[in-house]
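Fold and contact review
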Amino acid sequence: MMVTPSNLISLNFPTKKINVKQNIHLPFFKNAIPSVYGACHGLLSLREPSTNKAAIWNPSTREFKILPPSSVQCSPYFSSIQEGCLTLVDVSFSHAAFGFDSKTDDYKVILFVALTFINSEEEHHFESQVELYSFRSDSWKEIPSPDYTLTHLFLGNNYIDGICYWKTECLAFHDFIGPILSFDMANEKFSILSIPEFIGTFSKCYFNLLVFNGSLGVITYGWNGIGMSFDLWIRSEGVWTKQFSIESISGAVYPLGFGKNDEFFLRNTNNEVLLFDPSTQELNKLETNTYLDNFLYSISLIHVYVYVESLIRINRIQEPKEHIIRQPTGDVSNKC
């Protein structure tokens, strides 16, 4: 299991006596706040949205590969939508995903770019661009952008067998839910899935996509007067089937995802990570510092990933050992 808060990566490794947590500083993100945007085959894709710094990292071998800058051009830009010269004034990198192309034996990163332009009359114009990185060629290329707006709330990297998934929304209509957008790493094409009937176009509850035991899932949740209630649905052969319901978990405010053994991770009102076992109905607090008290808007700054150790060689720079600090989980000093 991996919990990823802000600019610190925390790994919990179970042992016979104690859990050992490794707080690992990432030297190539100096003065930046990276997040994990995807996990695949034991490799992690890291990105800092405001600076566009990115890297692929293998925590098992301590190797990392710094990605080159994307191909976004920051010079004056001519738009076919509006005649005249538009000046690019802002670039934001709000969404990314990481996966594997089995046809070419290549790891790829897909990056959604939002561009803001201004014309001579100081009117703003917005466009989107999608960049795709290939590990084999160590380069980016632009691919056709889908006509859908991705939501900002997500549970980790929804990647399954070469395909990534995202929620979409329609900004023109309040609370309107768009289809599920997918991207195939092999053929490099987007497609859509219809929203499940149990959610509806205008949902009265919150929901998020997630990965559950290797399948695409949807978790719906809402306040029932006592605590948060959750329903988990799984998609198999085009059909959505409910796996289980959790009537009420007191103190929980946001789902984080599931572990290898169906453990359910949540965040509570104190920005602490909770672990709920559906089979025993037991709820425990993990001794993991999320560091979210330092952020004003923290709802999407922590994600849970199922991580497996890997010996895949990136054959690039190795992380300095002096940046790795081990300490027992029970030590709350959290030295960095």
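Computed from a predicted model, the values in this text were never measured in an experiment. Sequence positions are assigned chain by chain, starting from 1 and proceeding in written order. Restriction of local features to residues with pLDDT of at least 70 applies here, the model being predicted, together with a cutoff of 80 or more for giving and counting side-chain atom pairs; totals for whole chains, interfaces and linings are based on all residues. Values reported for side chains reflect all heavy atoms of the structure, with hydrogen atoms and water molecules removed beforehand.

Things to note about the environment of F244
Counting from the N terminus, the helices are DSSP H or I runs at least four residues long and the strands are E runs at least two residues long. Within the secondary structure layout, F244 lies in strand β22 (residues 239-249). Between the C-alpha atoms of F244 and W233, which are 11 residues apart in sequence, the distance is 7.6 Å. With sequence-adjacent residues up to four places away left out, F244 is seen in contact with F212, F230, D231, L232, F258 and P278. Contact definition: two residues touch when any of their heavy atoms are within 4.5 Å.

A short note on the nonpolar core
Throughout this description, the term nonpolar core refers to a set of buried Ala, Val, Leu, Ile, Met, Phe, Trp, Tyr and Cys residues connected via side-chain atoms within 4.5 Å. Summary of the burial criterion: residues with accessible area below 20% of their type's maximum are buried, those above 50% are exposed, and those between are partly exposed, where the area comes from a 1.4 Å probe applied to protein chains only. Within the largest apolar cluster, 35 residues are counted, with the highest numbers of intra-cluster contacts made by I56, I110 and W166. Those elements that provide at least two residues to this core are β4 (35-40), β6 (53-58), β9 (85-101), β10 (106-118), β11 (124-134), β12 (139-143), β15 (163-166) and β17 (180-184). In terms of residue count, β10 provides more of this core than any other element does, eight residues in total. Within the second largest apolar cluster, 23 residues are counted, among which are M228, L232, L256 and V273.

Overview of the sheet that holds strand β20 (residues 215-223)
Between any two strands, at least two bridges found by DSSP are needed for them to pair. Judged by pairing direction, the sheet is antiparallel, and its four strands sit side by side in the order β19-β20-β21-β22 without closing on themselves. Because the sheet does not close on itself, it has two edges, and the strands there are β19 (206-212) and β22. The average undirected angle you get between the axes of adjacent strands in this sheet is 20°. Pairing of β19 with β20, which is carried by seven bridges, proceeds in the antiparallel orientation. The partner of L209 across the bridge, within β20, is V218. For every element, the axis is a line fit to its C-alpha atoms; helices are fit only across the contacting stretch, and the angle between N-to-C directions ranges from 0 to 180 degrees.

Re the environment of S70
Here S70 is to be found in the loop between β7 (63-66) and β8 (77-78). Residue classification places S70 among the buried residues on the basis of a relative accessible area of 12%. Here the alpha-carbon distance between S70 and K53, two residues 17 residues apart in the chain, equals 9.5 Å. When sequence neighbours within four positions are dropped, the list of residues in contact with S70 reads N52, F93, L111, E131 and W140.

Focus on the environment of I246
Tracing the chain through its elements places I246 in strand β22. Of the residues examined, I246 reaches a relative accessible area of 4% and is grouped as buried. For the pair I246 and L232, spaced 14 residues apart in sequence, the C-alpha to C-alpha distance is 8.7 Å. Beyond its immediate sequence surroundings of up to four residues, I246 is in contact with M228, S229, F230, F264 and F276.

So, the packing of aromatic side chains
We call Phe, Tyr and Trp rings a pair once their centres come within 6.5 Å, taking the six-membered ring for Trp, and we label the pair stacked below 30 degrees between planes, edge-to-face above 60, and tilted otherwise. Across all of its chains, the model carries 15 aromatic pairs by this definition. Consider the rings of W166 and F190, whose centres lie 6.5 Å apart with planes at 45°: the pair is tilted. Taken as a pair, W166 in strand β15 and F190 in strand β18 (residues 189-193) lie far apart in primary sequence, 24 residues in all. What makes W166 buried here is its relative accessible area of 8%. Over the aromatic face of F207 sits the side chain of K167, whose NZ or CZ is 4.3 Å from the ring centroid. Over a ring means this: the NZ of a Lys or the CZ of an Arg is within 6 Å of the ring centre and within 35 degrees of the ring normal.

A closer look at unusual backbone geometry
You will see that R62, though not glycine, has its phi angle at about 70°, which is positive. Following the sequence through the fold, R62 ends up in the loop between β6 and β7. Under the relative-accessibility criterion, R62 is labelled buried at 14%. Although it is not a glycine, D138 adopts a positive phi angle of roughly 55°. Among the structural elements, D138 can be located in the loop between β11 and β12. With relative accessibility at 29%, the residue D138 sits in the partly exposed group.

A look at the sheet that holds β18
Taking strand neighbours across the sheet as the criterion, the four strands line up as β14-β15-β17-β18 in an open arrangement whose pairing is antiparallel. Of all the strands in the sheet, just β14 (159-160) and β18 have a single pairing partner and so form its edges. Summarising the sheet, β14 and β15 pair through two bridges and their orientation is antiparallel. Within β15, the residue paired with I160 across the bridge is I163.

Considerations on the pattern of salt bridges
Salt bridges, as used here, are contacts in which a Lys or Arg side-chain nitrogen is within 4 Å of a carboxyl oxygen on Asp or Glu. One pass over the full model with this rule turns up seven salt bridges. Residues E63 and R313 are paired through a salt bridge, measuring 2.8 Å at the closest nitrogen-oxygen approach. Of this pair, E63 sits in strand β7 while R313 sits in the loop between β27 (302-305) and β28 (317-318), placing them 250 residues apart in sequence. For E63, a relative accessible area of 4% translates into the label buried. Three or more residues joined by partner-sharing salt bridges are found here, namely D101, K108, K141 and E188.

Shape descriptors only; they carry no functional weight alone.
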